[in-house]
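Chain residues, written in single-letter form:
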Amino acid sequence: MIISKKTVTSVGSAALMATLSISAGVAMAQDGPLRGNIRVVIGSTSTGGDTYQNSTIVVDQLAEKLDLNMKVDAVGASSAFRTLDRDSRGNTLMIFHDQSYLGHLYGVEGYDDIFEKYTVGPTIAINPGNAYLVPKDSPYETLDDIIAAVGSGETVRVAIQPGGVSEIGFSALKNAIAIEHPGQEDNLVAVNTGSQSDKNQQLFDGQADVINGTVQANEQYTRLPEDDQKAMRFVWLTARQDTIEQAPEEGLGQTSREQLLEYVEPNVHVTMGDDESFTFDKEFFFLYNKDMDPAIVEQIDEALAEIYEEGEIQEIQKNAFFIPNFKPSDEASAYLADKMARYEEIISNIQ
């Protein structure tokens, strides 16, 4: 076979053009204001929890899209806020969830008003699994039973981690009891504790009648036989019905999406007054240093918009039992500010 000089030249030109094209793509990614090594701190110290898992999914995709070295660092809320405060260059970003503003509403030390102190970035996903559970042999079959019991004077103890996502459902339940059974709401008693394992232990030891948990952490215990000390069952998922309907049909573990829908509104009703039901989706979003270059905010918004448009990230998130929920920064900030105002009303009603 004879290869002409013209053919060699054409092949060489094509290869050169391909190389230039790839180089141009990399250059475009690196020409943006976000440069160098990017540290993404999160408001959790756990590398096995939902904040780390969700953040890693998004950051890995973002790093590939922008051709940057980006790493998730599980430092905890206080340390994450302090680290973000010190870096306005854009080399430190933060991902957290509703705890970031709920902590402020509950007066937890170290939590400032995020809408004043930081720039609120895009939302990225929802964890639909925020739940409340009782022992499998509990006399309370439903959340209505619990509300009725408290309303009739019974003391019901609820294990929560105070000051945030774990407590907001408890606050809403107490507010609902105050509306339906005025003067009886103090019969719903918070058992303030720590991690999920601590809350579980309160239930195992009979020190709590109800616990805040998650589908991801507690579904395994709902499979146990009733005579097992660790057996429990769901009575309430705080997520919106529309959120659970987006979960995979198989649900999680041995609990299908159809079964999970039994524990959300309208099947479970927690009144906020005026025919409005309380719901709560645990949502994850970026936070930025207030003085960071606005062009970086725009760069991340545009990159994430492309990533979510491509569609691969949604499948990864759903397989991990997260619900994709991308909103660009301006839209996300307005949405979350409205959400904060809605829950501030509940918290102020019971304080």
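What you are looking at is a predicted structure, and each value in this text was computed from that prediction instead of being measured.

About the cut-offs
- Residues numbered from 1 in each chain as written.
- Predicted model: local features only at pLDDT ≥ 70, side-chain atom pairs only at ≥ 80, totals over all residues.
- Heavy atoms only, no water.
- Helix = DSSP H or I, 4+ residues; strand = E, 2+ residues; numbered from the N terminus.
- Contact = heavy atoms within 4.5 Å.
- Areas by Shrake-Rupley, 256 points an atom, 1.4 Å probe, with all protein chains shown as cover.
- Lys, Arg positive; Asp, Glu negative; His and termini not counted.
- Charge placed at Lys NZ, Arg CZ, Asp CG, Glu CD.
- Domains from an automatic or database assignment.
- Buried area = accessible area lost by both parts, 1.4 Å probe.
- Salt bridge = Lys/Arg side-chain N within 4 Å of Asp/Glu carboxyl O.
- Polar contact = N/O pair within 3.5 Å; in protein donor to acceptor, adjacent residues only side chain to side chain.
- pLDDT = per-residue confidence, 0-100.
- Axes fitted to C-alpha atoms, helices over the stretch in contact; angles between N-to-C directions.
- Parallel < 35°, antiparallel > 145°, perpendicular 65-115°, else oblique.
- Nonpolar A, V, L, I, M, F, W, Y, C, P; charged D, E, K, R; others polar.
- Core = buried A, V, L, I, M, F, W, Y, C linked by side-chain atoms within 4.5 Å.
- Buried < 20%, exposed > 50% of the residue type's maximum accessible area, 1.4 Å probe, protein only.
- Pairing = 2+ DSSP bridges.
- Phe/Tyr/Trp six-rings, centres within 6.5 Å; stacked < 30°, edge-to-face > 60°.
- Lys NZ or Arg CZ within 6 Å of the ring centre and 35° of its normal.

1. Some thoughts on the overall build of the protein chain
A count of helical and extended segments in the protein chain gives 14 helices and 13 strands. Considering only contacts in the protein chain between residues 6 or more positions apart, those separated by 24 or more positions represent 79%. Summing over all exposed atoms, the protein chain offers an accessible surface of approximately 16200 Å²; the carbon and sulfur share of this is 46%. Positive and negative charge centroids in the protein chain, built from 25 and 56 side chains respectively, lie 9 Å apart.

2. Some remarks on the domain arrangement of the protein chain
Domain boundaries in the protein chain define domain 1 (37-127 + 281-350) and domain 2 (130-262). Once you take the C-alpha centre of each, domain 1 and domain 2 turn out to be 26 Å apart. Interface area for domain 1 against domain 2, summed over the two sides, is near 1800 Å², with a carbon-plus-sulfur share of 64%. The interface formed by domain 1 and domain 2 holds one salt bridge in total. Across the salt bridge formed by Asp-281 and Arg-240, the nearest N and O atoms sit 2.5 Å from each other. Where domain 1 meets domain 2, there are nine residue pairs in polar contact (both at pLDDT 80 or more). Going through the elements one at a time, α4 (99-105), β4 (118-127), β13 (323-327) and α14 (329-350) are the ones with two or more residues in the side of domain 1 that touches domain 2.

3. Considering the confidence of the model for the protein chain
Where the model shows low pLDDT, its predicted coordinates should not be examined in detail. Of the residues in the protein chain, 91% have a pLDDT of 70 or more, and the chain-wide mean is 91. Considering only residues more than four positions removed or in separate chains, one finds that residues 5-11, a stretch of pLDDT under 50, has one contact. Low confidence marks residues 14-29, where pLDDT is under 50. Its contacts with residues over four positions away, or in another chain, come to five contacts.

4. Re the packing of helix α2 (residues 50-66) against helix α12 (residues 294-310)
Where α2 meets α12, the closest approach of the two axes is 10 Å, and the angle between their N-to-C directions is 105 degrees. Comparing the axis directions of α2 and α12 gives the class roughly perpendicular. Only Gln-299, Ile-300, Ala-303, Leu-304, Glu-306, Ile-307, Tyr-308 and Glu-310 of α12 make contact with α2, whose side of the interface consists of Val-58, Gln-61, Leu-62, Lys-65 and Leu-66. Classifying every residue of the contact of α2 with α12 gives eight nonpolar, two polar and three charged.

5. Here's the deal with the nonpolar core
In this structure, Phe-81, Leu-102, Ile-146, Trp-236, Phe-278 and Leu-287 are the most contacted members of the largest nonpolar core, which totals 50 residues. Here this core takes seven residues from helix α7 (residues 165-180), the largest share from any one element. A domain split of this core shows at least three residues from each of domain 1 (37-127 + 281-350) and domain 2 (130-262). Beyond its immediate chain neighbours, meaning those up to four positions away, Phe-278 contacts Ile-168, Gly-169, Ala-172, Trp-236, Thr-238, Val-270, Met-272, Arg-342, Tyr-343 and Ile-346. Grouped together as the second largest cluster of nonpolar side chains are 32 residues, Leu-68, Leu-93, Ala-320 and Phe-322 included.

6. Observations concerning the sheet that holds strand β7 (residues 188-192)
What the five strands build is an open sheet, ordered β7-β6-β8-β5-β9; its pairing is mixed. The open sheet is flanked by β7 and β9 (232-237), the only strands paired with a single partner. Each neighbouring strand pair of the sheet contributes to a mean axis angle of 35 degrees, computed without reference to strand direction. In the sheet, strand β6 (residues 156-160) pairs with strand β8 (residues 210-214) via two bridges, with the strands oriented parallel. The residue bridging Ala-159 from the neighbouring strand is Ile-211, located in β8. Together, β5 (130-135), β6, β7, β8 and β9 form the strand contacts of α7, whose direction differs from that of β7 by roughly 165 degrees. Helix-sheet contacts for helix α8 (residues 196-204) involve β5, β6, β7, β8 and β9, and the interaxial angle to β8 is about 145 degrees.

7. Looking at the environment of Gln-246
You can see Gln-246 is positioned in the loop between α10 (241-245) and α11 (257-260). Between the alpha carbons of Gln-246 and Gly-48 there is a distance of 24 Å; along the sequence they are 198 residues apart.

8. Brief notes about the pattern of salt bridges
Working definition: two side chains of opposite charge can pair if their charged atoms are close together. Under the definition given, this model contains 15 salt bridges. As a salt-bridge pair, Lys-282 and Asp-50 come within 2.8 Å of each other at their nearest N and O atoms. One end of the pair, Lys-282, is in strand β12 (residues 282-289); the other, Asp-50, is in helix α2, with 232 residues separating them in the sequence. Across the pair, exposure class does not vary: Lys-282 and Asp-50 are buried alike. We note a salt bridge from Arg-89 to Asp-87, for which the minimum N-O separation is 3.0 Å. Relative accessible area serves as the criterion here: at 61%, Arg-89 is assigned to the exposed category.

9. Considerations on the packing of aromatic side chains
One pass over the full model with this rule turns up 12 aromatic pairs. Measuring from ring centre to ring centre gives 5.7 Å for Phe-81 and Tyr-111, while their planes differ by 75 degrees; the resulting arrangement is edge-to-face. Taken together, the positions of Phe-81 in helix α3 (residues 77-86) and Tyr-111 in the loop between α4 and α5 (114-117) put the pair 30 residues apart, joining distant regions of the chain. One exposure class covers both Phe-81 and Tyr-111, and it is buried. Measuring from centroid to centroid gives 5.8 Å for Phe-234 and Tyr-263, while their planes differ by 50 degrees, and the two rings are tilted. In this pair, Phe-234 sits in strand β9 while Tyr-263 sits in the loop between α11 and β10 (271-273), placing the two residues 29 residues apart along the sequence. Looking at Phe-234, the relative accessible area reads 4%, which means it is buried. Members of the aromatic cluster, each reached through a chain of ring pairs, are Tyr-132, Trp-236, Phe-278, Phe-280 and Tyr-343. Sitting over the face of the ring of Tyr-335, Lys-327 holds its NZ or CZ atom 4.3 Å from the ring centroid.

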